[in-house]
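The residues making up each chain are set out below.
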Amino acid sequence: MSAGPLLDFDAAADADAGAGLAGGKGATLGRLRRYGLPVPAGFVVATAAYADFFDAGLRAAATAAGSDADALAALRRRIVEKPLPAGLASALADELRRRGWETIPLAVRSSAPLEDSRRASFAGIHHSVLNVAGSGALADAVRVVWASLWTPQAVAYRARLDLPPEAAAMAVVVMPLLAARSAGVAFSCDPASGRDDRIVLSAVRGLGEALVGGQEAGEEIVVGEDGFDDRLALVSRRPARQRSAIVADPAGGTRQQPCADGGEILADADALALAALVRDAANALDFAEPWFDLEWVRDDAGFHLVQARPVTARPWHTYPGLAGQHAIWSNGNTRDVVPQPVNAADWASMRRLINLYLEQGYRLAGYPLLPGAQRGALFAGRLYLNVSFIQWEGFDALGVSPQAMNALLGGHHAEIAVPAVRWRDRLRRGGRLVRYLAGVAGRRRHGREQAAAAFADCRRWRGEDVAALSDAALGERLRALFAHVRRQDGLQFLQGSSGGNLHTLLQAVDKAFPGEGQALVAALMAGQVASVSAQQGYDLVGLAHLANADPAVRDWLRAGPPHDLDRLPADSPFRAALAGFLDRHGHRGIYESYLRSPRWREDPAWLLGTLADLAGVDTVALTARQRAAAEAAWQRLRERLPRWRRALLQKLLDATIADGNDRELARSAFTAYSEVGRRLLLEAGRRLRDRGALAGADDAFHLLPGELCAALAGALPAAALRARVAGRAARFADWETAPAPDVVIDSAATFVDAGSAAVDAGGRSWRGVAVGTGRGDGIARLIDHPADGHRLAPGEILVAPSTDPAWTPLFLKAGGLVMETGGYLSHGATVAREFGIPAVVNLPGIRAALTDGRRLRVDGVAGRVEILD
């Protein structure tokens, strides 16, 4: 039903709440019902019906009334007393008859266009009418709801939102009034603290109107998420203090009925079931910002959702030391390896892992971390880090200045304000540093052991026939894998705690050579023990040389994909080398941070396509360049520093290189786990596709693991699953075309103007962060994606938006690197230092100012990029 003035909930789900046909409440209830949530049947009186009813006379009266209370009261009386248009009255009567609702009690609720939206909730502003029976009473109730648009409270609320009087509109939701045993409100986050790992339930006996209206204090239950497997557990319970319950009156309307105080309204198991329902509803509506205020009712059939609105004023859950400051979010670091929008399956993995990465070092130091702190978020679908948290924790725990932390992170965000340092602070930080240093070697050994176990486990799991698993076993394997990865505390330490020695080394060198610390450290690190990412590049060059030396392999490669290995001789050295390469590195791929990205083991076509370009890479010259850069840097140190200081710097350099290599090792291990997760997700997707629940196996990446498990178990209907995928796929497409702000302050996007911050007055040079070594001149080649790497000729300057390990082969050809994003700890910076190439990063907007073919100079000493032609 969608024609005329009435919309069923399915049509309401399609209606644009911004355009106002179904209003905010009606559209959201329609979406929830479409997504398989327990929403009672119902329909919506569209805003078009209100527009037809609210004639020129009423519009003139509304304009004249302004905010005058008496005039508004007179306007409301006119609305209530005016008959409905005959067509609408007839449609309402017909709809009740069609549904068999002519005598059952109904709930009639407001649904203004902006009501229950992220911009405004209108909570308690508009009226609802309960226990309405019959078409005549329904017509009266609709007019009462319409009239509530013109209370002084409603007029004032719209004025605060700068909405003119003519923007006032109202849809009306009509649904059965359930015989409530209990009812209440649920928040998918803690509305008081803002913690998003908490679900807060409030419950009263009977209908929930007394709780919503503030007349009764119901039972309050707080439920928390386990940090590893997302299981729910009770955190606290506050008994109800309820004197009476609101129940439906057989004569119409509602009445209060005395009830005994005390006793549980929701048993533990019921509270956990309701919390799981609330979490599912919030994620179905918006997995990126799943913070909702929902109203629920429980009758003999179970729980039902009767309203959902976003939490419009969620506090920032933060440290006392950051109170009064802004929450600053930046993608200056994350855009290096997660530059594209994140879908549901990836966010389920990243959301908690980000915290675990960044917390392990502080746990080792004994720093009291803020429980429930969330350091990652999605804006325009992209991953951002809360750099306010990161700066504060570095400063408060160990005394790292915000300026120094920002240099490691990259990006153009502001520094937080920090208090003056007292002697007691220095003592505490000194004690933490001692604890950290005492335990760091053991933690790193533990991390390396976990990495070795990860590669061994993943090799074993890859050999498993996942198609032979039952649906239940497949769902459990998926849940267990996510939980297992979150428990890899040693790997998390390696991934997130690799900046301490680098920070100390930079400070020490820069103190001796002011302004040159970054460049000298980059030169000292050139050509040292290779990380797994650099070794991957060297191995690929070796494979290219083998291919180039064998005419049969060259012909095989020229034939193009699909590359059938059986066409090569069984004793081909290249064939054996390729198998070895894929065994070591096949879990990696282009933009491997995403579960949706294919791995080289699945499809090596891109990998094989790079071999012709890499055949000309001279590894002898590369090694000589690395050694020359390192030797020149050591010569500078020998000229100015005594031997004992150089010895200390050598130890610090060794530790810094080991840290960086451990970080790349951990990344590779996590990527190996994600390859296994990708196989499980695709297997689930194939099964659901074959059953008609999904259009394609890849649709699984638009679903959360819990949703996939529910679908495999038959608990989530196929139509609901398809609807969730369709909604998320459409939003993902919007994210792909939406600009990503460089910085988000609280919730406001900020685009950094590189021209004012980093470009000289003549517009011919930029200053960024020097992360490579030496200087290099060459032709600029703007590469958008590693698959376009064939466009980069040897010696040209690679100008990239960001880089992940799939870009490593291009570094082997490049005469220099220019990158819009990144800091000293970014992947591109790490590999550029290893290969000893000039590199400057953190130059937002430079790609828009350059074109292919311009001649550039990349000064890895001064951190400058200059146009030469």
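It should be emphasised that the depicted structure is a prediction, and the values quoted were computed from it without experimental measurement.

1. Description of the overall build of the protein chain
Looking only at helices and strands, one finds 31 helices and 26 strands in the protein chain. Each of the three principal axes of the protein chain carries a C-alpha extent, and together these read 95 × 70 × 55 Å. Residue pairs at least 24 apart in sequence account for 70% of intrachain contacts in the protein chain once pairs closer than 6 positions are excluded. Accessible surface computed for the protein chain: about 34,000 Å², of which carbon and sulfur atoms make up 54%. For the protein chain, the distance from the average site of its 99 positive side-chain charges to the average site of its 97 negative ones is 5 Å.

2. Looking at the packing of aromatic side chains
Summed over the entire model, instances satisfying the criterion amount to 21 aromatic pairs. Where F287 meets W735, the ring centres are 6.0 Å apart and the plane angle is 75°; that geometry is what we call edge-to-face. One end of the pair, F287, is in the loop between helix 10 (268-285) and strand 12 (292-299); the other, W735, is in helix 27 (residues 718-737), with 448 residues separating them in the sequence. For the pair shown, F287 and W735 are each scored as buried. Both rings, one in W316 and one in F389, keep their centres 5.6 Å apart while their planes meet at 55°; by these two values the pair is tilted. In this pair, W316 is assigned in the loop between strand 13 (302-310) and strand 14 (328-330) and F389 in helix 12 (residues 387-398), connecting sequence segments 73 residues apart. Under the relative-accessibility criterion, F389 is labelled buried at 1%. Within the aromatic cluster, the residues linked to one another by ring pairs are Y50, F53, F54, W146 and W150. For the cation-ring pair, K82 lies above F53, with the distance from its terminal atom to the ring centre recorded as 4.7 Å. Positioned above the aromatic ring of W101 is the side chain of R99, whose terminal nitrogen or guanidinium carbon lies 4.9 Å from the ring centre.

3. As for the environment of R198
By the element assignment, R198 lies in strand 7 (residues 198-205). R198 sits in the buried class, given a relative accessible area of 15%. With 88 residues separating them along the chain, R198 and S110 place their C-alpha atoms 29 Å apart. Every residue in contact with R198, bar those within four places of it in the chain, is listed here: F187, S188, C189, D190, V222, V223, G224, E225 and V235.

4. Regarding the sheet that holds strand 22 (residues 797-800)
Spatially, 19-26-25-21-22-23-24-20 is the arrangement adopted by the 8 strands of the open sheet, whose pairing is mixed. Each edge of the open sheet carries a strand with a single partner, namely strand 19 (765-767) and strand 20 (769-770).

5. Focus: helix 21 (residues 573-585)
An ideal rise of 1.5 Å per residue puts 18 Å on 13 residues; helix 21 measures up with 18 Å between its terminal C-alpha atoms. When we look at burial in helix 21, the residues that qualify are F574, L578, F581, L582 and H585. The buried residues of helix 21 all sit within an arc of 95° when viewed along its axis, so they share a single face. Facing away from the buried side of helix 21, by more than 90 degrees, are the exposed residues P573 and A576. The inward-facing, buried residues of helix 21 abut helix 19 (532-549), helix 20 (551-558), helix 22 (605-609) and helix 23 (611-614).

6. Describing the packing of helix 16 (residues 489-496) against helix 25 (residues 643-690)
Orientation of helix 16 relative to helix 25, taken along the N-to-C sense of each, is 130°, at an axis distance of 7 Å. Overall, the two elements helix 16 and helix 25 adopt an arrangement that is oblique. Helix 16 and helix 25 meet at a crossing whose hand is left-handed. Residues L491, Q492, L494 and Q495 of helix 16 lie in contact with helix 25, whose contacting residues are D662, R663, A666, R667, A669, F670 and Y673. Here the residues of the contact of helix 16 with helix 25 are counted per class, giving 6 nonpolar, 2 polar and 3 charged.

7. Section: the pattern of salt bridges
Note on pairing: side chains with opposite charge can pair once their charged atoms come close. What the rule picks out here adds up to 66 salt bridges. Put simply, D94 and R97 hold a salt bridge, and the shortest N to O gap is 2.8 Å. Residue D94 and its partner R97 are both found in helix 6 (residues 86-99); the two are separated by 3 residues, about one turn of the helix. The class of D94 is partly exposed, set by a relative accessible area of 39%.

Here is what the cut-offs are and how they apply
Residues numbered from 1 in each chain as written. Predicted model: local features only at pLDDT ≥ 70, side-chain atom pairs only at ≥ 80, totals over all residues. Heavy atoms only, no water. Helix = DSSP H or I, 4+ residues; strand = E, 2+ residues; numbered from the N terminus. Contact = heavy atoms within 4.5 Å. Areas by Shrake-Rupley, 256 points an atom, 1.4 Å probe, with all protein chains shown as cover. Lys, Arg positive; Asp, Glu negative; His and termini not counted. Charge placed at Lys NZ, Arg CZ, Asp CG, Glu CD. Phe/Tyr/Trp six-rings, centres within 6.5 Å; stacked < 30°, edge-to-face > 60°. Buried < 20%, exposed > 50% of the residue type's maximum accessible area, 1.4 Å probe, protein only. Lys NZ or Arg CZ within 6 Å of the ring centre and 35° of its normal. Pairing = 2+ DSSP bridges. Expected span 1.5 Å × (residues − 1). Arc of directions from axis to C-beta. Axes fitted to C-alpha atoms, helices over the stretch in contact; angles between N-to-C directions. Parallel < 35°, antiparallel > 145°, perpendicular 65-115°, else oblique. Left-handed = near helix turned anticlockwise from the far one by under 90°. Nonpolar A, V, L, I, M, F, W, Y, C, P; charged D, E, K, R; others polar. Salt bridge = Lys/Arg side-chain N within 4 Å of Asp/Glu carboxyl O.

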